[in-house]
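# Examining the three-dimensional arrangement
Each chain, written out:
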Amino acid sequence: MKSRNPELMNKLLPFFLFMLVSCSCTKIQKLDHEITGDFNPVTYLWYNEPADMWENTLPVGNGRLGARIFGRTDEETIQFNEETYWTGGPYSQTVKGGAEALPEIRKLIFNGEYIKAHKLFGRYLMGYPVEQMKYQSMGDLVLKFPDRGKVMNYKLALDIDQAIVTVSYEQAGIQFKREVFSTPVDQVIVVHLTADKPGSISFTANLRGYRNQAHSNYGTDYFRMDPAGNDGLMLAGKSADYLGIEGKVRYQARLKAISEGGMIEVNGEDLVAENCNTVTLYLAAATNFINCKDVSGDPVKRVNHVFELLKEKSYQNIKEAHIREHRKLFSRVNIDFGSTPNSFLPTDQRLEKYVVTNDPNLAALCFQFGRYLLISSSRPGTQPANLQGIWNTKMNPSWDSKYTTNINTEMNYWLAEVGNLSECAEPLFTMISELEDQGSEVAREHYGAGGWVFHQNTDIWRVAAPMDGPDWGAFTTGGAWLCTHLWEHYLYTGDKGFLQEVYPVMKGCVEFFLDFLVEHPGYGWLVTNPSTSPENFPGRPGNDPFFDEVTGWKSPGTTICAGSSIDMQILNDLFGYLAEASRILDIDHEFRDRVLSAREKLAPLQIGEKGDLQEWLEDWDQKEKSHRHISNLYGLFPGNQISQKKKPEFAEASTVVLEQRGLEGNGWSSAWKMACWARLYNPLKAMDNFDYYIHHYCYNSLYAICSGALQVDGVFGITAAIAEMLLQSHEEEIYLLPALPESWQTGNISGLCARAGFKVDMEWDSGELTRVIILSKLGNVCRVRVKGKFTVKSEDTKIQTTEIEPGFFKFSTEKGKIYEIVKAFKP
């Protein structure tokens, strides 16, 4: 499949030319599939040629082990990752005594001397080292096949319902097939090779490591490639030292081959299969990582344990167990917007030919692909999904493939609750709890405050101090934003045990801000100081370019300010959530009063002279016309402070912001805008952003593009935005089809979750609901907003409803019961 990213293609052109000269590639005859409808276009990606670059490879993952498949027929490469393989080892960025400079920094900011404040922040409040660790690629499994001539009927496919990548083709009259998956049950990556003629499977396998070639003059990320018995290969190595932090991660990856017929032998670093009927390759990998403070594990024992448990298991048993486990999560939600002939085209052609009306189910595929990636990259007991999920082929990936928390990590988990994947958010909750440790050190040493604080980035070692530079690092509400996910989980599940467990984490975050907030001398409001609106440089007087000693480059100005709108909106939410949690748990009454009192004094939402929702306390313009972040709209989405029903004037001001920012940005920006338009009940604008995303910010593999780099945030954000167009529950009601576009006028979805403990299935035709099924998981009162008149029944018994206003009614429910909402027809 060909790349649709011209910028990246230009960068990679020299590499492709080199490969063209260096390699003899077998010519592939594409298979022109007819519109047969023999697969579900909502859960199936397929291509009639191999991936042309890593970004277009197809992913498999079990939450811990990820792999990317090119699908080549001459020399296949299966690149793989183990989620705990990062540079460095346990470390801290906390700088002692930084708080002494805080009063002067605040004074300068309140006096409008922002660049002076920036420089002081950079010298005394930045963490050290200024940067953080990098997520690494562990290795490549390379399979070299004999040249059998022309390739025909080629197909590369990913069935996200089964979580299996398949490569099939015909060569020399023989039909070859490879299946690849990463099983969460048996913790191995599996490659199964078959042919329809006995004795036809032959190849040479090589297990290769990665080194940081760009930093090879001081790189310390060594590895060794060795045989493992007479049927396997082994790769062992260590992580690189980086920024003065010793590389303490040790790893082992081991390959084992099992064949039917033919011969398997190991020759040095090569595993050779000759004339086999079938071959199954099992790849296990582990590190010595136990947690962010402890790297005393034994990767060899861990890999041995995996293979010990594999004994006596057949490939078919392993495959069936894998599919069952995957479907426990994936099959909870089904969706269909309607298929057309274009829906059955190869996925790259679907994307290229897409217009909003000619392939409604492309949006449904994107919805399910986001769910697939979250299942594949974030399961209970694993690490959270980072910027690239768990998939990375570079030793110096863009933004280090870390956890960026001024939008990206949060967006990764927007879909978890509504998309019926609540368990997949557990790794995020664990990370939030782990951040409290270094976050309390940073609160004390950098700000002289209690509680804990976390900024805009962390890595697997859970550092919490400001990083990159003051323009980014002064974002003190990263931890507060993450804590809102804890509350959202409670709203969806009603799990008081969970709320009791995480309450101290939420309280610690609030305690920091009660100490950190300061009264603005001009307005009298409580504000954060220092503050920043993520990555957006205000066009205020005197915000001129200067050379920044922290970053070592010329900054276009500074983002530092006091009381950015996003800070105030996040804290408004978090303070309210913490107070409500205190009430539910019947604890901390006096503290609750203190929190609510502070909340009343927070700087309010403001509308500027141009009718826009202000991004800063002052009505400043921005230097960048269409900035990718829409941080001032946090309160619209994912927050819950702006709506057309409760605050229509601020909803209108949000519209002005969205119109001003336009369609440009990157993948995650398109997703965020799409969700905001859904909250404003504007499906046309939401679909404009989806269409722009498909044609500008989406790889052929359906991964999102961010400044030429592959990321998962946009993928997850699109899923959440589509869900928001179909169901909203943030205002203590279930609003059905609030932003249904013309192209989805007939469809159905089952398994969506709503806050207060409801699961919703619905069908609609010609834009009108025809049937709704609601499962009450907690027995709460159900409030439903829907166009038209409906009746409610359960087990063929009519349920009494109370009309709140036209199109809005409520009814009592019992835990575990199912309620059907049907259209009321006139007699």
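Going along each chain's sequence as written, the residues are numbered from 1 onward. Local features in a predicted model are, by the rule used here, given only for residues with pLDDT of at least 70; side-chain atom pairs are given and counted only at 80 or more, and totals for whole chains, interfaces and linings are based on all residues. Side-chain metrics rest on all non-hydrogen atoms present in the structure, leaving aside hydrogens and water.

## Here we look at the overall build of the chain
Numbering of helices and strands runs from the N terminus, with a helix taken as a DSSP run of H or I at least four residues long and a strand as a DSSP run of E at least two residues long. Summing up its helical and strand segments, the chain has 19 helices and 39 strands in all. Throughout, radius of gyration means the C-alpha value; the globule benchmark is 2.2 Å times the number of residues raised to the power 0.38. Here the chain has a C-alpha radius of gyration of 27 Å; the compact-globule value for 827 residues is 28 Å, and the two agree. Its C-alpha atoms give the chain principal-axis dimensions of about 80 × 80 × 45 Å. Exposure is judged per residue with a 1.4 Å probe applied to protein chains only, and the accessible area is read against the type maximum: over 50% gives exposed, under 20% gives buried, and values in between give partly exposed. Counting across all 827 residues of the chain, residues that qualify as buried make up 62%. Between two residues, a contact is recorded if the distance between any of their heavy atoms is within 4.5 Å. For the chain, the share of sequence-separated contacts (at least 6 apart) that also reach a separation of at least 24 residues comes to 70%.

## Digging into the sheet that holds strand S11 (residues 201-209)
Working definition: the strands of a sheet are paired by backbone hydrogen bonds and lie parallel or antiparallel to each other. Note: two strands are recorded as paired if DSSP finds a minimum of 2 bridges between them. The strand order S3-S4-S5-S6-S11-S16-S15 describes an open sheet built from seven strands, whose pairing is antiparallel. Bordering the open sheet on either side are strand S3 (58-61) and strand S15 (263-267), each of which pairs with just one other strand. The mean inter-strand angle of the sheet, taken between neighbouring strand axes irrespective of direction, is 20 degrees. Pairing of strand S6 (residues 139-144) with S11, which is carried by six bridges, proceeds in the antiparallel orientation. The partner of Asp140 across the bridge, within S11, is Arg208. Throughout, an axis means a line fitted to C-alpha atoms (over the contacting stretch in the case of helices), and angles, computed between N-to-C directions, take values from 0 to 180 degrees.

## Quick word on the sheet that holds strand S31 (residues 747-754)
Strand order in this open sheet of seven strands is S18-S31-S32-S33-S39-S35-S36, and the pairing throughout is antiparallel. Whereas interior strands pair on both sides, the edge strands pair on one side only; in this sheet they are strand S18 (334-336) and strand S36 (797-799). Averaged over all pairs of adjacent strands, the angle between their axes in this sheet comes to 25 degrees, without regard to strand direction. Lying on the sheet, helix H19 (residues 713-726) is in contact with S18, S31 and strand S32 (758-765); it crosses S31 at an angle near 100 degrees.

## A word on the environment of Trp553
Tracing the backbone shows Trp553 in strand S25 (residues 553-555). We classify Trp553 as partly exposed; its relative accessible area is 45%. Beyond its immediate stretch of four places on either side in the chain, Trp553 contacts Trp472, Phe546, Phe547 and Asp548.

## Re the pattern of salt bridges
One side-chain nitrogen of Lys or Arg within 4 Å of one carboxyl oxygen of Asp or Glu is enough to make a salt bridge. Applying the stated rule across the entire model yields 39 salt bridges. What you see here is one network of salt bridges that share partners, running through Lys645, Glu731, Glu733, Arg785 and Glu805.

## Describing the packing of aromatic side chains
Pairing of aromatic rings covers Phe, Tyr and Trp, the last through its six-membered ring, and needs centres within 6.5 Å; plane angles under 30 degrees mean stacked, over 60 mean edge-to-face, and all others mean tilted. Applying the stated rule across the entire model yields 37 aromatic pairs. Between Phe337 and Trp764, the aromatic rings sit 6.3 Å apart at their centres with planes inclined by 50 degrees, giving tilted as the arrangement. Here Phe337, found in the loop between S18 and helix H6 (347-353), pairs with Trp764, found in strand S32; they are 427 residues apart in sequence, far enough to count as distant. With respect to class, Phe337 is no different from Trp764; both count as buried. A ring is scored as having a charge over it whenever the NZ atom of a lysine or the CZ atom of an arginine sits within 6 Å of its centre and within 35 degrees of its normal. Between the NZ or CZ atom of Arg371 and the centre of the ring of Phe330, over which it lies, the distance is 5.4 Å. Directly above the ring of Phe591 sits Lys507, whose terminal nitrogen or CZ lies 4.9 Å from the centroid.

## Quick look at the nonpolar core
Where a protein is soluble and globular, its nonpolar side chains tend to be buried together. Among the nonpolar cores identified, the biggest contains 246 residues, and Phe203 and Leu726 are the most heavily contacted of them. A total of twelve residues in this core trace back to one element, the largest contributor, which is helix H13 (residues 496-516). Apart from residues no more than four positions distant in its own chain, Leu726 is found in contact with Ile335, Phe337, Tyr735, Leu736, Leu737, Pro738, Leu740, Trp744, Ile749, Leu752, Met762 and Trp764. We call a set of buried Ala, Val, Leu, Ile, Met, Phe, Trp, Tyr and Cys residues a nonpolar core when their side-chain atoms join them within 4.5 Å. Counting residues in hydrophobic clusters, the runner-up holds 14 residues, among them Ala284, Ala286, Val303 and Phe307.

## Considerations on the pairing of strand S37 (residues 802-805)
Here S37 runs beside strand S38 (residues 808-811); their pairing, made up of three bridges, is antiparallel. Among the inter-strand pairings, Glu805 is bridged to a residue of S38, identified as Phe808. With antiparallel pairing between neighbouring strands as the criterion, S37 and S38 make up a hairpin whose turn holds two residues, including Gly807 at a positive phi of roughly 80 degrees.

## What about the confidence of the model for the chain?
Per residue, pLDDT measures the predictor's confidence, with a range of 0 to 100. Of the residues in the chain, 95% have a pLDDT of 70 or more, and the chain-wide mean is 94. In the model, residues 6-36 has pLDDT below 50 throughout and makes 42 contacts with residues more than four positions away in sequence or in other chains.

## A few points about unusual backbone geometry
Of note, the amide linkage connecting Tyr128 to Pro129 takes the cis form, showing an omega dihedral of 0 degrees. Looking at the secondary structure, you find Pro129 in the loop between helix H3 (114-124) and S6. Omega for the peptide link from Phe637 to Pro638 comes to 10 degrees, which places this bond in the cis form. When you line up the elements, Pro638 lands in the loop between helix H15 (589-601) and helix H16 (648-661). Backbone geometry at Asn153 places phi at a positive 50 degrees, although glycine is not the residue there.

## Details of the side chain of Gln93
Examined against the element boundaries, Gln93 turns out to sit in the loop between strand S5 (75-82) and helix H2 (102-110). Taking the relative accessible area as the measure of exposure, Gln93 reaches 0% and is therefore buried. Ignoring any residue separated from it by four or fewer positions in sequence, one finds Gln93 in contact with Gly127, Tyr128, Pro129, Val130, Glu131, Gln132, Gln438, His446, Val463, Ala464, Ala465 and Met467.

## Some words on the packing of helix H18 (residues 683-696) against H19
How two helices pack is summed up by the angle between their axes together with the distance between the axes. Closest axis-to-axis distance for the H18/H19 pair is 12 Å, and the angle between their directions is 155 degrees. In terms of orientation, H18 lies roughly antiparallel with respect to H19. The way H18 lies across H19 gives a crossing that is left-handed. Every residue of H19 that contacts H18 at Pro683, Ala686, Met687, Phe690 and Tyr693 is listed here: Gly714, Val715, Ile718 and Met725. By the convention adopted, Pro, Cys, Tyr, Trp, Phe, Met, Ile, Leu, Val and Ala count as nonpolar, Lys, Arg, Asp and Glu as charged, and the other residues, Gly among them, as polar. Of the residues assigned to the contact of H18 with H19, the class counts are eight nonpolar, one polar and no charged. Small angles under 35 degrees read as roughly parallel and large ones over 145 as roughly antiparallel, with 65 to 115 read as roughly perpendicular and the rest as oblique. By definition, any crossing whose near helix is turned counterclockwise from its far helix by less than a right angle is left-handed, and any crossing with a clockwise turn is right-handed.

## Remarks on helix H7 (residues 361-377)
Spanning 17 residues, H7 covers 24 Å between terminal C-alpha atoms, matching the ideal 24 Å at 1.5 Å per step. Among the 17 residues in H7, 17 count as buried, and that is most of the element. By this rule the span expected of a helix is its residue count minus one, scaled by 1.5 Å.

## So, the environment of Val95
Relative to the helices and strands, Val95 is located in the loop between S5 and H2. Considered as a pair, Val95 and Met126 are 31 residues apart in the sequence and their alpha carbons are 7.6 Å apart. Residues within four places of Val95 in sequence aside, it is in contact with Met126, Gly127, Tyr128, Glu445 and His446.

## A closer look at the side chain of Arg592
Mapped onto the secondary structure, Arg592 falls in helix H15. Each polar contact in these results corresponds to two N or O atoms within 3.5 Å; when the atoms are within protein, one needs to be able to donate a hydrogen and the other to accept it, and residues that are neighboring in sequence are counted only if both atoms are side-chain atoms. Reaching out from Arg592, the side chain makes a polar contact with the side chain of Ser582 at a distance of 2.8 Å. Contacts of Arg592, omitting those with residues within four sequence positions, involve Ala579, Ser582, Arg583 and Ile587.

## Thoughts on H19
Over its 14 residues, H19 extends 20 Å from the first C-alpha to the last, a length consistent with the 20 Å expected when each residue adds 1.5 Å. With 14 of 14 residues buried, H19 lies mostly within the body of the structure.

## A word on the state of the cysteines
Each disulfide consists of one covalent bond between the sulfur atoms belonging to two cysteines. By definition, disulfides here are pairs of cysteine sulfur atoms that lie within 2.5 Å. For the structure shown, the criterion picks out zero disulfides. A disulfide-free cysteine, Cys676 has its sulfur positioned 17 Å from the sulfur of Cys706, the nearest such atom. We note that Cys782 lacks a disulfide partner, and the nearest cysteine sulfur, in Cys753, lies 13 Å from it.

## Re the pairing of strand S8 (residues 164-171)
The buried fraction of S8 is high, at seven of eight residues. As paired elements, strand S7 (residues 151-159) and S8 share seven bridges and run antiparallel to each other. Looking at the pairing, Lys155 lines up with Ser168 of S8. Counting the residues in the hairpin turn of S7 and S8 gives four residues, including Ala163, whose phi is positive at 60 degrees. Here seven bridges tie S8 to strand S9 (residues 174-183), and the two strands are oriented antiparallel to one another. Paired with Tyr169 across the two strands is Phe176, which belongs to S9. The hairpin formed by S8 and S9 contains two residues between the paired strands, and Ala172 there has a positive phi angle of roughly 55 degrees.

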